[in-house]
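Structural description and commentary
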Amino acid sequence: MAHILYWNASALEANRRDFSNVPGTNKQSPEQGGPTLSSRAMAMVHLAMYDAHAGVTGSASLPPYLPGLPAPPPGSTAPAAVAGAAHKVLSTLFPRQKPFFDADLKGAGLSGPGMEPGLSFGRKVADAILEDRKLDPNAGAASYVPSPLPGRHRSDPVNSEQGFHAPVYGAASKGFAIKNRWELDPPPAKGTAEYMRALRDVRGMGIAPELAGTLPIPNVPPIPPNSIKRRTVDETIIGLFWAYDGPRNIGTPPRLYNQIVREVAMAKNTGPNMSNDNARLFALVNAAMGDAGILAWDQKYIHDLWRPVVGIREHDPSMGPAGPTPIGNINDHCDPEWRPLGAPASNSYDGEKGLGERDFTPPFPAYPSGHATFGAACLHMVRLFYGILPGNHSADAIYKGPFVSDELNGLTTDSRGVVRPKHARMFNDGLWQMIVENGLSRVYLGVHWFFDAFALTPGDKPDLNQNIGGVPLGIKIAEDIYAFGNKLAPKKSTVGRRA
C-alpha cells in the first residue's frame, strides 16, 4: 500500500482504538478525546507526514509546511521518512498505543540502505511539529461556569454529569493553516421566526421514538404553517450514518471524513504522482479540520447557545433556573419532558449488566455545529483539490459512493445491544450532497438546530449567502487554506490565538 495511505490508516485506527474501552473494565479516558483533540492529532500527524515526504522528494510542487527543517540525509527514502514522522507523532500523542504503532512500523515493509536515514529524518520532522504545537490547550472544562439565563448552554439533563468540553480550546489555539480567524454572525434570537421554525423542526424530527406520540400535530396533508414535522425513516438513517460521536470502536467525526477521503484518493490519485497527491491531499484536509476544530469551538463558546434538549424543555418563561416567571398557561412550543433521539452511544451494551450507556447530547454549545464545520472544511477542500472553483456550492461528480458508515456496517450495535443493518449509501450529487446531508443529520438526531449548520431559504435549501452556521464556516476555512497554500500545500499559518 502507498505509504501515505498506510499511515493514514494507522492514524484512523488510533482514533478508533482511543474510543474503544470495553464495558466492565477499568475504563480510561481517551488520550486525544473529543472532536477538538482528535482533529488536532490528525492534523499534526498528516502535516508531519507531508513535510517528511516533501523533504525527501524535494519536489517544487511540495513547499514545506514548517520553516527551518533540516535537510534529509543523503539516500533517505520517502516511505521511511513518512514512517518515522507518523510513528513518532502517533506514539507521542497516543502513548498507550505505542505497541500498535511499533507493529505498524514493522509491518510497513521498510528495508534497504535508505531506511535508517529516512526514519531519522522523519523523526526530526515529527519533533518539529510537536514543538510547534506544544502550547496548545487541552480540552478540560477550565473555569467555564454555565449561565442560568435562557438561551445559554447547560448540561444535557439526560446526562447531567457529562461536564463541558473544551471551552478555551478554540480561543487559545493558534491556527494550523488559516490566514484569517473567521467568525460567524449570531444565530437567530429566541422568539424570532427563524428560531421558532428551527424549534418546531427539531422538536418533531429529532424526538426520541418513544415520545413521538406526544407531538401535538400529525405530519399529514394539509400541513398547517405551525405544524410539527415527523422524522422519516430516511432521516433516521441519515442521523445515524453521520454520527461518529466518540462511541466505542467508531471514534470521532474527523475519522469518518478521512474514511471518505481515502475512497476518493484510492480512486483518483493514481500514476507517477500518486504519493505526492496523497501527501498534499491528506495534509490539506486534515489541516482544514484542525482549523475547523479551533474556529468552531471558538465560536461555540462566544455564542454559548443552548442545545434543543434544554431549549425545548425550557421554552416557556416559567421554566429554567433564571428566576422563573410564573404564568397560568404553558406555551404550546414548550415540552418539559422532551428528549432527543440523541447522539448514539453505539457499541456500549454490556451483556453481563444488561444495559448500555444512554444516547446523549454532546457536552458543548450548539452553535455552530462541529460536524457541519468539519465536514464542510474537509469535503469542500477535496472539491477544491479536484478542480471545483471557490464559490461553487452545487452538485459535483467527484465521488458518489457507495459508502458504508461504521455506524451502519452490519456489526455495530445500538445502546440496547441490537445490531444495526449494513447500509451502503449513494450520493448522486457528490461531495456537495454529503456536506449538506451531514449538516442536517444533527437535526434528525435532535442534538442541533438547523441554523447550527446553515440558514435556510423559504424553500428549505441551504442559504450560504448568510454567515450563519458550520457549513459557511467550514467553506471559508477550506477556501482560505487552499488559496493561502497557492493550491499546492498548507504553508505555516501566521494566525495566532484570539486575543
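In the block above lies the structure referred to throughout.
Let us look at the structure shown here. This structure is a prediction, so every number in the text was calculated from the model and none was measured.

Another point: the pattern of salt bridges. Across all of its chains, the model carries 25 salt bridges by this definition. Across the pair Arg255 and Asp406 runs a salt bridge whose closest N-O atoms are separated by 2.9 Å. Note that Arg255 is positioned in helix 9 (residues 253–268) and Asp406 in strand 1 (residues 403–409), a separation of 151 residues in sequence. The class of Arg255 is buried, set by a relative accessible area of 7%. Connected via shared salt-bridge partners are Glu194, Arg197, Asp201, Lys229 and Asp460.

On to helix 3 (residues 78–93), then. An ideal rise of 1.5 Å per residue puts 22 Å on 16 residues; helix 3 measures up with 22 Å between its terminal C-alpha atoms. Of all the 16 residues making up helix 3, 13 are buried; the element is thus mostly covered by neighbouring parts of the structure.

Those residues of helix 8 (residues 233–241) that fall on the buried side of the exposure criterion are Glu235, Ile238, Gly239, Leu240 and Phe241. Along its buried surface, helix 8 packs onto helix 7 (193–205), strand 1, strand 2 (422–425) and helix 13 (430–444).

The residue Pro30 is located in the loop between helix 1 (3–18) and helix 2 (34–57) in this model. Of the residues examined, Pro30 reaches a relative accessible area of 29% and is grouped as partly exposed. Considering only alpha carbons, one finds Pro30 and Arg17, 13 residues apart in sequence, at a separation of 8.8 Å. What Pro30 contacts, discounting residues up to four positions off in sequence, is Asp18, Phe19 and Arg96.

Trp242, Ile260, Trp449, Phe451 and Ile477 are the most contacted members of the largest nonpolar core, which totals 138 residues. It is helix 10 (residues 274–303) that provides the largest number of residues to this core, a total of 15 residues. Other than its neighbours up to four places away in sequence, Ile260 contacts Trp242, Leu379, Tyr399, Phe403, Leu431 and Met434.

Turning our attention to the packing of aromatic side chains. Taken as a whole and judged by the stated rule, the model has 16 aromatic pairs. Pairing Phe241 with Trp242 gives two aromatic rings, centres 5.4 Å apart and planes at 70°, and the pair type is edge-to-face. Aromatic side chains Trp297 and Phe374 sit 6.1 Å apart centroid to centroid with 40° between the ring planes, which places their arrangement in the tilted category. Highlighted residues: Trp297 in helix 10 and Phe374 in helix 12 (residues 370–385), separated in sequence by 77 residues. The burial state of Trp297 is the same as that of Phe374; both residues are buried. In this structure an aromatic cluster arises from ring pairing among Phe241, Trp242, Tyr257, Phe403 and Phe427.

To continue, consider the packing of helix 12 against helix 14 (residues 470–484). Two numbers describe how helix 12 lies on helix 14: the axes approach to 7 Å, and their chain directions differ by 40°. Between helix 12 and helix 14, the angle falls in the class oblique. Note on packing geometry: the crossing formed by helix 12 with helix 14 is right-handed. Between helix 12 and helix 14, the residues in contact are Ala372, Thr373, Ala376, Ala377, His380, Met381, Leu384 and Phe385 and Gly470, Val471, Leu473, Gly474, Ile475, Ile477, Ala478, Glu479, Ile481 and Tyr482, respectively. For the contact of helix 12 with helix 14, the residue count by class is 13 nonpolar, four polar and one charged.

So, how was this worked out
Residues numbered from 1 in each chain as written. Predicted model: local features only at pLDDT ≥ 70, side-chain atom pairs only at ≥ 80, totals over all residues. Heavy atoms only, no water. Salt bridge = Lys/Arg side-chain N within 4 Å of Asp/Glu carboxyl O. Helix = DSSP H or I, 4+ residues; strand = E, 2+ residues; numbered from the N terminus. Buried < 20%, exposed > 50% of the residue type's maximum accessible area, 1.4 Å probe, protein only. Expected span 1.5 Å × (residues − 1). Contact = heavy atoms within 4.5 Å. Core = buried A, V, L, I, M, F, W, Y, C linked by side-chain atoms within 4.5 Å. Phe/Tyr/Trp six-rings, centres within 6.5 Å; stacked < 30°, edge-to-face > 60°. Axes fitted to C-alpha atoms, helices over the stretch in contact; angles between N-to-C directions. Parallel < 35°, antiparallel > 145°, perpendicular 65-115°, else oblique. Left-handed = near helix turned anticlockwise from the far one by under 90°. Nonpolar A, V, L, I, M, F, W, Y, C, P; charged D, E, K, R; others polar.

Any functional reading would require information that these geometric values do not contain.
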